[in-house]
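Each chain, letter by letter, is given below.
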Amino acid sequence: MTASISFIAPYAEDLEATADFYRTLDLPLTREQHGDGPVHYSTPIGNTVLELFQATKDKPKTLGLTIGVTVNDAEGVIERLKAAGLSEPGSQNDTKTLAHLIDPEGNQVIVEKLSETLV
């Protein structure tokens, strides 16, 4: 059996700003709380779940993470990125990469458009 990643859970100092940033990339983060656990934001991405948690003294913000996000609505995402002042062009030799961004916590985010052959 092949292993898979079931979830990724970065911790953010500014949880709301970080959640808003990822919503701009078409990730429908929803507020959750399991029992007495911490409030966090979550969204499924394929077979993996992205969960954003509030950083604390005992669980500091996540550093050095690189996240690749593939989007269906490339034009819509680019417009939202521009409106939010977040758009940076991808490599000129790479027609798949839309933008190289830094999230509010300093993590690198590479936004790519879904390949036409995969649609």
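J.: Teacher, can you tell me more about the overall build of the protein here?
T.: Each helix and strand counted, the protein has 2 helices and 8 strands in total. Of the regular secondary structure in the protein, the N- to C-terminal order runs β-β-α-β-β-β-β-α-β-β. Evaluated residue by residue, the protein yields a buried proportion of 34% over its 119 residues. Sequence-distant contacts, at least 24 apart, represent 54% of the contacts inside the protein between residues at least 6 apart. Accessible area for the protein stands at about 7,600 Å²; split by element, carbon and sulfur atoms hold 52% of it.

J.: Is there a simple way to think about the pattern of salt bridges in this case?
T.: Two side chains with opposite charge may pair up if their charged atoms get near one another. A full pass over the atoms with the stated rule returns 2 salt bridges. We note a salt bridge from Asp26 to Arg80, for which the minimum N-O separation is 2.5 Å. On the criterion of sequence distance, the pair formed by Asp26 in the loop between helix 1 (15-24) and strand 3 (30-32) and Arg80 in helix 2 (residues 74-83) is long-range, its members being 54 residues apart. On the accessibility criterion, Asp26 (37% relative accessible area) is partly exposed.

J.: I keep staring at the layout of surface pockets and nothing clicks. Help me out?
T.: One simple way to see leftover space: roll a probe sized like a water molecule over the atoms. Estimated volume of the largest pocket: approximately 200 Å³. For the lining of the largest pocket, the secondary-structure elements that each account for two or more residues are strand 5 (48-54) and strand 6 (66-71). With 4 residues, the single largest contributor to the lining of the largest pocket is strand 6. Classifying every residue of the lining of the largest pocket by side-chain character gives 8 nonpolar, 3 polar and no charged.

J.: Can you walk me through the sheet that holds strand 7 (residues 97-102) in this structure?
T.: Pairing in this open sheet of 3 strands is mixed, and the strands run 6-8-7 from one edge to the other. A strand with exactly one partner marks an edge of an open sheet, and here the two such strands are strand 6 and strand 7. Sheet twist, expressed as the average angle between the axes of neighbouring strands with direction ignored, equals 20°. In the sheet, strand 6 pairs with strand 8 (residues 108-113) via 6 bridges, with the strands oriented parallel. Across the sheet, Thr66 pairs through a bridge with Gln108, a residue of strand 8. Relative to strand 7, helix 2 is tilted by about 35°, and along the sheet it contacts strand 6, strand 7 and strand 8.

Calculation rules
Residues numbered from 1 in each chain as written. Predicted model: local features only at pLDDT ≥ 70, side-chain atom pairs only at ≥ 80, totals over all residues. Heavy atoms only, no water. Helix = DSSP H or I, 4+ residues; strand = E, 2+ residues; numbered from the N terminus. Buried < 20%, exposed > 50% of the residue type's maximum accessible area, 1.4 Å probe, protein only. Contact = heavy atoms within 4.5 Å. Areas by Shrake-Rupley, 256 points an atom, 1.4 Å probe, with all protein chains shown as cover. Salt bridge = Lys/Arg side-chain N within 4 Å of Asp/Glu carboxyl O. 1 Å grid on protein atoms, 1.4 Å probe; cavity = no way out; pocket = protein on both sides within 12 Å on 5 of 7 lines; lining within 4 Å. Points joined across faces, edges and corners; volume = space filled by probe spheres on them. Nonpolar A, V, L, I, M, F, W, Y, C, P; charged D, E, K, R; others polar. Pairing = 2+ DSSP bridges. Axes fitted to C-alpha atoms, helices over the stretch in contact; angles between N-to-C directions.

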